Structure formats: structure tokens, C-alpha cells
Amino acid sequence: MADSSPNKAQAPRQTGAFGTEFISKMAVAECIDGVWQPARVVPVAPISLHPAAHVLHYASTCFEGMKAYRTPDGHTRVFRLDRHMARFGRSAQQLYLPFPGEQVVESMVREMLAECDAEMPEPPKALYLRPTLIGTEANIGAAGAPSRDALLYVLGSPVGDYFTGGAKALTIKVEEEAMRCAPGTGQTKTGGNYAAALRQVIEARENEGADQVLFCPGGDVQETGASNFFLLKDNCLLTKPLAPSFLDGVTRDSVITVAKDLGYEVREEDFTVDDIQDWIKDGEAFLSGTAAVLSGVGYLLCRGERLVVGDGSMGPHTQKLRQALTDLQFGRVEDRFGWLS
């Protein structure tokens, strides 16, 4: 399915925006009638799909998002690769997609990184890695059946800050009616979840100047369209406990671990929009995710009001946690949790 013909390769858009530029090669592997073929590293190029491919009609797709960093010793390290591979496998299982195994995907990632080492960005940039798995069986009658054929590929994208403006505090719209995704697929990293949230995010951005939307159906705080949500005050960190309705973020887990290591009390509890309104009067809020890393929230658009979080800037505790996390990711401090590999 992967077409690596040089005459068909297309140069990436050189806009500099997050995720629009790519290194020159990608790792690919194909599953044909349930049997995985040997993986290979090829030039980045368009892929060929039959118009009846399962993914195009029934959204049989999942992916991962993780980052590789150039550490001070000159090596390239991937942050929490094992955790991402485990989640990738769970997503594939949820969608009944063929999966070659975590070790195969990890080997594909490492081989691609080795061949493209000269293209690895230097700090403060990182290489965003996007393993993607799609169902490719040509069968438009398979709405209730899994795809026996699949394509797995890994892209690499040199990136800086996800949100425009870098580490500035964000404006978040609080959405109390719509859900981000179907509860049963909340912990699956599938494209359909992001499509389901797209309208609310775009309308909030275009009509109200928001950077993201925090989904709180019925007042129950869950997550934004692409990140987990935290509240922080004094020595206490608050976030919603894991549930089938939202993604178990790897960065979320990393933030919780780092916070405990720094002496913060971590509370994983359900909380409401009313609780947020009370908390932010003298507290902090932030988002976490592989792309966003750890981004402070300065304003909430909530129930027709524009509410200030603290003083409207990234708070000192948020800055402290962000610095501690990025120091670990870039290898500037001892890897005391064994997260870089």
C-alpha cells in the first residue's frame, strides 16, 4: 500500500506550524490477509489506497503521538516509548485492527530514527513521532466486520510549541452540553474522537477566540479536545480519575508522577464546573499532552463570562512542573524514572 516512488513524493508545506514539516523517511509495514510483511524504511511519499478501503468508510484507524529528544550526550532518546506502545496495542485491539506487536513497532521507530539521525532537531525542538495504523481491506460491505488488511506507518515531524504563542497562558471554552467522544472509545486514540470534537473547537476558536474546548457534559469535567486538564493550588494537584470517557494520557501520568516526586498532594477525583469556578479564584489550571507538553490556562469562557484564572498568566506552580517535566524529557537531569530510551 505504501507508494515510495520518487516521482510521486511531495515536499511538505514549509509553514513551520506544528506537524506540517516531516523528516525525509518513514517506516512502513503491511498486513495482507492477516499476515504481517517485513517492515522497511522508505522515503516519505503518498500512500495508495483502494477507494473501498475499510478506513475510508468505517474509520478503522488509530495512532500514537510521542516525542524523541536530542539529549546532552548527543544521543536521540524517545520519551516513555514503552507506555506509548502499550496504548497503541490497546487501541488496535479496541478497533479489531491487525497489530504486529509492540516490539515490531518499537523496532520500526528506532530504525527510522537511526536512518534519519542527521535530521533530528536540536533543543528546544523535538521530533514528534506518529505511528498510525489503518484498515485497508477493500470491502464496503464490512461495516460490521474487521479489516483483515492493514497498513502501519511511522512519521517524524520536527516540532516546537503546539499552541501559537509558545508558553503563553491559554483561553479555554467550557462546553457543558456536548461530549468529546463516545464513552466506550474515550481511551482509544482513534481519529474519530478528534473529528467528533472538531466542530466545537473550531467554533470556539472562530467565534470566541478560544484556544481549546474543555468538555464537561452535564457539568462533569473531563478533558479538552486534545489534552488532559488539571487544577493546581498551593501544594495540591487535582485531576479527574481515569475513565472510559477520556484518554489516559502518557503526559498526564508523567505530570502526576513528577508532582508527587516534588512533594505535591495529588488528588484524582471527579469535579464539576462549579468547582473550577471556585478553584481558579486563587489557583492555577493547565493542560497536559504530548503535543502541548504542559500549557497554562489564563482564562475560561464559561456560562457567558470570561473568567480569569489566577492573574491570567501561567502560574508559578505550573511553571515549576513544566520545567521539571521538560528537564526530564531533554535529559538535562538524571532520568530517575527510566523514561528515556
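Up top is the structure these notes are about.
A brief look at the structure comes next. (Residues numbered from 1 in each chain as written. Predicted model: local features only at pLDDT ≥ 70, side-chain atom pairs only at ≥ 80, totals over all residues. Heavy atoms only, no water.)

Quick look at the overall build of the chain
The following threshold applies: Each helix is a run of DSSP H or I of at least 4 residues and each strand a run of E of at least 2, with the numbering of both proceeding from the N terminus. C-alpha atoms define the radius of gyration in this analysis, and the globule rule sets the expected value at 2.2 Å times the number of residues to the power 0.38. Three exposure classes are used, based on accessible area relative to the maximum for each residue type with a 1.4 Å probe and protein chains only: buried under 20%, partly exposed in between, and exposed over 50%. Any two residues having at least one pair of non-hydrogen atoms within 4.5 Å are treated as being in contact. When charges are counted, Lys and Arg are positive and Asp and Glu negative, with His and the chain ends excluded. Each charge is placed at NZ for Lys, CZ for Arg, CG for Asp and CD for Glu.
Broken down by element type, the chain carries 7 helices and 16 strands. For 341 residues, the compact-globule estimate of 2.2 N^0.38 gives 20 Å, and the chain sits close to it at 20 Å. Taking the principal axes of the C-alpha coordinates as reference, the chain spans close to 55 × 50 × 35 Å. By residue count, 51% of the 341 residues in the chain fall in the buried class. Long-range contacts, defined here as pairs at least 24 residues apart, represent 71% of the contacts in the chain between residues at least 6 apart. Computing the positive centroid from 33 side-chain charges and the negative centroid from 44, the chain places the two 2 Å apart.

As for the side chain of Ser295
Quick reminder of the rule: Polar contacts, as used here, are pairs of N or O atoms within 3.5 Å; protein pairs need one atom able to donate a hydrogen and one able to accept it. Residues neighboring in sequence count only if both atoms are side-chain atoms.
Turning to its location among the elements, Ser295 is positioned in strand β15 (residues 293–302). At a separation of 3.0 Å, a polar atom in the side chain of Ser295 contacts the main-chain carbonyl oxygen of Ala292.

What to know about the packing of aromatic side chains
Which entries qualify depends on this criterion: Pairing of aromatic rings covers Phe, Tyr and the six-membered ring of Trp, with a centre-to-centre limit of 6.5 Å; geometry is then stacked below 30 degrees between planes, edge-to-face above 60, and tilted otherwise. Comment: the charge-over-ring label is applied if NZ (Lys) or CZ (Arg) is within 6 Å of the ring centre and within 35 degrees of the ring normal.
Scanning the entire structure with this criterion turns up 8 aromatic pairs. On the numbers, 4.8 Å between centres and 10° between planes, the contact of Phe230 with Phe286 is stacked. Of the two residues, Phe230 is situated in strand β11 (residues 228–233) and Phe286 in strand β14 (residues 284–289); the sequence distance between them amounts to 56 residues. Judged by relative accessible area, Phe286 falls into the buried class, the value being 0%. A connected cluster of aromatic rings, assembled from ring pairs, spans Phe79, Phe337 and Trp339. Stacked on the ring of Trp279, the Lys or Arg Lys233 has its end atom at 4.9 Å from the ring centre.

Quick look at the packing of helix α2 (residues 81–94) against helix α3 (residues 102–115)
Short version of the rule: Orientation is described by axes fitted as lines to C-alpha atoms, over the contacting stretch for helices, and by angles from 0 to 180 degrees between their N-to-C directions. Roughly parallel means an angle under 35 degrees; roughly antiparallel means over 145; roughly perpendicular covers 65 to 115; every other angle is labelled oblique. Helix crossings are classified by the rotation of the near helix relative to the far one: an anticlockwise turn of less than a right angle makes the crossing left-handed, while a clockwise turn makes it right-handed.
At their nearest, the axes of α2 and α3 sit 9 Å apart, and the two run at 130° to each other. By the criterion of interaxial angle, the relationship of α2 to α3 is oblique. Two packed elements cross with a definite hand, and for α2 against α3 that hand is right-handed. Where α2 approaches α3, its residues Leu81, Met85, Ala86 and Phe88 are matched on the opposing element by Glu102, Val105, Glu106 and Arg110.

Some words on the pattern of salt bridges
Where charged atoms from two side chains of opposite charge come close, those side chains can pair. Keep this limit in mind: A pairing counts as a salt bridge when a side-chain nitrogen of Lys or Arg comes within 4 Å of a carboxyl oxygen of Asp or Glu.
On inspection of all chains with the given rule, the structure shows 27 salt bridges. Put simply, Glu122 and Arg70 hold a salt bridge, and the shortest N to O gap is 3.5 Å. Here Glu122 is found in the loop between α3 and β7 (126–135), whereas its partner Arg70 is found in strand β5 (residues 66–70), with 52 residues between them in sequence. With its nearest N and O atoms 2.8 Å apart, the salt bridge here joins Arg303 to Glu176. A residue pair is termed long-range when its members are at least 10 positions apart, and Arg303 in the loop between β15 and β16 (305–308) and Glu176 in the loop between β9 (170–175) and α4 (191–208) qualify at 127 residues. Looking at Glu176, the relative accessible area reads 24%, which means it is partly exposed. Salt bridges linked by common partners bring Asp33, Glu137 and Arg148 together as one network.

Considerations on the layout of surface pockets
For clarity, the cut-off: Site definitions follow a grid-based scheme: protein atoms alone, a 1 Å grid, a 1.4 Å probe that fits but cannot get out for cavities, and for pockets an open set with protein on both sides within 12 Å along at least five of seven lines, plus lining residues having an atom within 4 Å of a point. Grid points are joined across faces, edges and corners, and a volume is the space filled by probe spheres set on the points. Three residue categories are used. Nonpolar comprises Ala, Val, Leu, Ile, Met, Phe, Trp, Tyr, Cys and Pro, charged comprises Asp, Glu, Lys and Arg, and polar comprises the others, including Gly.
Put simply, the largest pocket is a space of about 1,200 Å³. The wall of the largest pocket is formed by 47 residues, among which Phe18, Arg130, Tyr162, Ala226 and Ala291 lie closest to the centre. Contributing elements (two or more residues each) for the lining of the largest pocket: β7, β8 (150–159), α4, α5 (250–261) and β14. The dominant element in the lining of the largest pocket, judged by the number of residues it contributes, is α4, at 7 residues. Split by residue class, the lining of the largest pocket holds 20 nonpolar, 17 polar and 10 charged.

Remarks on the environment of Tyr264
Secondary-structure assignment places Tyr264 in the loop between α5 and β13 (265–268). With 53 residues separating them in the primary sequence, Tyr264 and His317 have C-alpha atoms 9.9 Å apart. If we ignore the near neighbours within four places in the chain, the residues touching Tyr264 are Leu232, Asp234, Asn235, Cys236, Ala259, His317, Lys320 and Leu321. Polar contacts involving the side chain of Tyr264 include one to the side chain of His317, which spans 2.8 Å.

Observations regarding the packing of α5 against helix α7 (residues 316–329)
Closest axis-to-axis distance for the α5/α7 pair is 10 Å, and the angle between their directions is 110°. The angle between α5 and α7 falls in the class roughly perpendicular. Contacts from Thr251, Ser254, Val255, Val258 and Ala259 of α5 reach α7 at Leu321, Ala324, Leu325 and Leu328. Of the residues belonging to the contact of α5 with α7, the class tally is 7 nonpolar, 2 polar and no charged.

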